[in-house]
Amino acid sequence: ALARLPAPTADAAMERSVREGRAHVAYQSSLLHEDGSDEEQFTGRAIEGQGPRTPRVRSVALFAVGATIGGILLLARHPASQDFSRNADLVSLAAQHCHTAVEGETCYIDVRWAMDEGMVGHPEWYETVCPFVKPTSEFEQFQACIYKINHTKCALPCNPASALNQSQVEIHMEAGVVIDEEHPCHIAEKGDDCYASVIDAMTNGILEHAEKYPGLTSTSTFEEFQVALFNDPASTCCPRPCECHTAGEGDTCWEHVIWAQQKGIPDKPDWYAGLSNDSRFEAVQAFLYKSGKGTCSLPCAAVDLSQIEAAEAANTKALRGGAGDDAAAEALAEALQKIGSEEEDTLGKAGGRKEDEQAEEEEEEGECAAAVPGTTCYKDIVYGMGDGIRKNAAWYPELNKFSTFEDFQTVIHHKNMPGHTCPKPCACRTAELGEECYEKVTWVLREGIPAHPDWYKGLNAKSRFQEVQARLMEDNKTTCKMPCTAPNWTSPSLFCFSVFRSEGYEVDLVKAQVDQGAGIFSCDEFVVLSDKELPITKQVRTLKIPPSDKVGISKDGTAANTLIFMKAWGVLWQDARWQAHDWVIKADPDAVVLVERLRSHLKPHTGKNVYMKNCQKYFGPGWPMMFGSLEALSTQALDTYYKGADRCRSDLEWQAWGEDLFMGNCLNMLGAGSEFDGSIIGDNVCKGANCADGQAGAYHPFKSAESWLQCYDQAMR
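These remarks concern the structure in this document. These numbers were taken from a predicted model, which means no experiment stands behind them.

### Thoughts on the overall build of the chain
Line of reasoning, step 1. Helix and strand content of the chain: 24 helices and 12 strands.
Line of reasoning, step 2. For the chain, with 717 residues in total, the buried portion stands at 50%.
Line of reasoning, step 3. When the accessible area of the chain is evaluated, it comes to approximately 33900 Å², of which 51% is carbon and sulfur surface.

Given below as structure tokens:
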């Protein structure tokens, strides 16, 4: 970014270093506050002012680095530096003046050079100053890096793809959110880029470049080599390996694995989904670990270096002897066949156990098993969670609509009815709000997968919460347990939420809906937000919205509540579960939502980047519009909002608007489409509500629990 600047004088460099040093000290001081967040990497950190490293003018860059460090050290003793430690206006100012460089601008040329040449030829130049930039990073991320190095040549880009906008940063800071970005653990598996790199390091790298692997030898384990690659700045494909232990003879887990291989899998294959009679010892141990059976820990990778070396030696010998590819393949197969024969020998060691011991082991292993899709047990559970609990609640004592898959499996297991039996489910716990595991899972969904897809093979932005938790269960540094089975969703899937006040009629209104499992509480997933954390029921709790100034009156005579809902949408972003769904529905607490009807209205528009306009009260500019009693946004549209919310906040005159007017205008400005469906809701604030019309997906407003339930009952007849 300094390539086209004149070489600075010593005084100019020192002046700049002092200025940048102040910003650096201010930023570092802000990290000491309990509301600090790593989410500021494209805002607060963008003006961090660390010494520039510009590849084209090394002498200038190195001089500036030294001057910056000197300025920082000088400021550490200067009382004026304290004035900058709380200067949050720096962040706000930067966010309000964003500009993504376009072709023809000097900044654009610098960014393209950094992407095409700088990062490729000299990745070490960016490691310290811009650790968030990778070779695969997008244009805005590289521009943010150059802005961070020297913001006199490049502005802060608008909407870096993997960064939070400024308004959302402020919201999360107010909520006291702290994001833990510790590298997750994962033992590389065959098919991963990391797996191939580890094997290459074990067989070739350690022999040809031993200096790259300090402390390792040709006998070091797979995981030890993976650690070395994880710590190597030049390697980006390997995550931190998990701690592991492959059971050995004498371990209780070893007995469980052997029993499963000899008896369990052949006799009860439905207990061991994904395994077969040919599954390796480590695969069976991993299954027992993840399913919570027995006392097994996570096994290490099933890689034997001696076998790999023997196979390669045989291959090399055959090729040198001129035998050709066929002979080489035969030699390789013969060497690798030892893996299977040694495993068979291991199985044979258990053959001398007594029959009564095997029977006892079988009973112990049979204590729990997952219901397998397609079986009668699985179908009975799905029925119980849907029509069963609704039509015949007495069949499922102490259960309700929010009970887990395993809760229903337990009831069916105890009933033990002929033709309708289920094994006892294994212990499970899906992480809940306030738990460490919950925070880890939502971070992975929100930021981990987009920023580090190579760490999470098989997962993506649409992955279910339970899938991510099962993946994090491998890491013994988290408190994640085996999650319960994720419930089935209907298409299109709906993630619904309401915002209500902790005092007043809305509390009773929400509780009445929860008791009935109706309204938003019959959506595929839901969440409720309030100004306080409230336990509505044992299974339904609120997410807290950071406090706002008192709400005024909008220009239309409704509540000027835009700021509150900016923060509410920010909390929803933090929760991250919405990403897996087709639609996100915001419904007022006094709106009677009929989920299945709502799906039918939304299905034709599913998969599009759209939001639904629902009221044609007048004709003219601005109509039809989306009334806030029921806001339906596709996940694509909501993603558009999150990427551009800072632009809406700075460019729109929203202070006197209601939140629905703001959201509609914001999405229009950002390029999201809209569809009009005047029958998606019957709203007395628009053109009337008739709960018996048999068409609308919602009715509004019904402000008492009694009137709400009356409308609901009438609509369901």
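And the narrative resumes.
### What about the nonpolar core?
Line of reasoning, step 1. With 55 residues, the main nonpolar core has Leu529, Trp569, Leu572, Leu633, Leu638, Tyr641 and Phe662 as its most contacted residues.
Line of reasoning, step 2. At the level of secondary structure, the elements contributing two or more residues to this core comprise helix H17 (436-451), helix H18 (465-472), strand E1 (494-500), strand E2 (525-530), helix H20 (562-575), helix H22 (635-651) and helix H23 (659-670).
Line of reasoning, step 3. Of all hydrophobic cores here, the second largest spans 40 residues; its members include Met202, Tyr213, Trp254 and Leu288.

### Quick word on the pairing of strand E9 (residues 630-634)
Line of reasoning, step 1. With five of five residues buried, E9 is to be regarded as a mostly interior element.
Line of reasoning, step 2. The side-chain alternation of E9 yields two buried faces, one formed by Leu630, Ala632 and Ser634 and the other by Glu631 and Leu633.
Line of reasoning, step 3. Taken together, the five bridges between strand E6 (residues 583-587) and E9 define a ladder with antiparallel strand orientation. Bridge pairing in E9 links Trp583 to Ser634.

### A short note on helix H4 (residues 106-121)
Line of reasoning, step 1. In this model H4 runs 21 Å from its N-terminal to its C-terminal C-alpha over 16 residues, within 8% of the 22 Å that 1.5 Å per residue would give.
Line of reasoning, step 2. At Ala114, H4 shows its maximal kink, close to 45°.
Line of reasoning, step 3. On its buried side, H4 packs onto helix H5 (124-127) and helix H6 (139-149).

### Some details on the environment of Trp395
Line of reasoning, step 1. Summarising the element assignment, Trp395 is placed in the loop between helix H15 (376-391) and helix H16 (405-415).
Line of reasoning, step 2. Residue classification places Trp395 among the partly exposed residues on the basis of a relative accessible area of 44%.
Line of reasoning, step 3. Put simply, Trp395 and Ile412 are 17 residues apart on the chain and 9.4 Å apart in space, counted from C-alpha to C-alpha.
Line of reasoning, step 4. Setting aside anything within four residues of it in sequence, one finds Trp395 in contact with Tyr383, Val411 and Lys415.

### Here's the deal with unusual backbone geometry
Line of reasoning, step 1. Put simply, Trp623 and Pro624 share a cis peptide bond, and its omega is -5°.
Line of reasoning, step 2. Its place among the elements puts Pro624 in the loop between strand E8 (610-613) and E9.
Line of reasoning, step 3. Residue Ala576 is not a glycine yet carries a positive backbone phi of 75°.
Line of reasoning, step 4. Mapping Ala576 onto the fold places it in the loop between H20 and E6.
Line of reasoning, step 5. Using a relative accessible area of 2% as the deciding quantity, one classes Ala576 as buried.

### Points about the packing of aromatic side chains
To describe a pair of aromatic rings, you give the distance between the ring centres and the angle between the ring planes.
Line of reasoning, step 1. Counted according to the given criterion, the structure contains 18 aromatic pairs.
Line of reasoning, step 2. Judged by centre distance (5.4 Å) and plane angle (45°), the ring pair of Tyr378 and Phe405 falls under tilted. Of the two residues, Tyr378 sits in helix H15 while Phe405 sits in helix H16, which places them 27 residues apart along the sequence. For the residue pair Tyr378 and Phe405, the accessibility class agrees, reading buried in each case.
Line of reasoning, step 3. Pairwise contacts between aromatic rings join Phe497, Trp569, Trp578, Tyr641 and Tyr642 into one cluster.

Rules used in this analysis
- All residue numbers refer to position in the chain's written sequence, counted from 1.
- Thresholds applied to this predicted model are a pLDDT of at least 70 for local features of residues and 80 or more for the giving and counting of side-chain atom pairs; totals over whole chains, interfaces and linings are not thresholded and use all residues.
- To get the side-chain values, all heavy atoms of the structure are used, and hydrogens and water are removed first.
- To qualify as a helix, a DSSP run of H or I must reach at least 4 residues; to qualify as a strand, a run of E must reach at least 2; elements of each kind are numbered from the N terminus.
- Partly exposed residues are those whose accessible area sits between 20% and 50% of the maximum for their type, while under 20% is buried and over 50% is exposed, using a 1.4 Å probe and protein chains only.
- To be clear on the numbers: accessible area is Shrake-Rupley with a 1.4 Å probe, and residue cover counts the displayed protein chains and nothing else.
- We call a set of buried Ala, Val, Leu, Ile, Met, Phe, Trp, Tyr and Cys residues a nonpolar core when their side-chain atoms join them within 4.5 Å.
- When DSSP finds two or more bridges between two strands, those strands count as paired.
- Every helix has an expected span of 1.5 Å times one less than the residues it contains.
- To get the bend at a given residue, fit one axis to the seven residues ending there, fit another to the seven starting there, and take the angle between those axes.
- Contact definition: two residues touch when any of their heavy atoms are within 4.5 Å.
- To pair, rings of Phe, Tyr and Trp, with the six-membered ring standing in for Trp, must have centres within 6.5 Å; the planes then decide the type, stacked if under 30 degrees apart, edge-to-face if over 60, and tilted in the middle.

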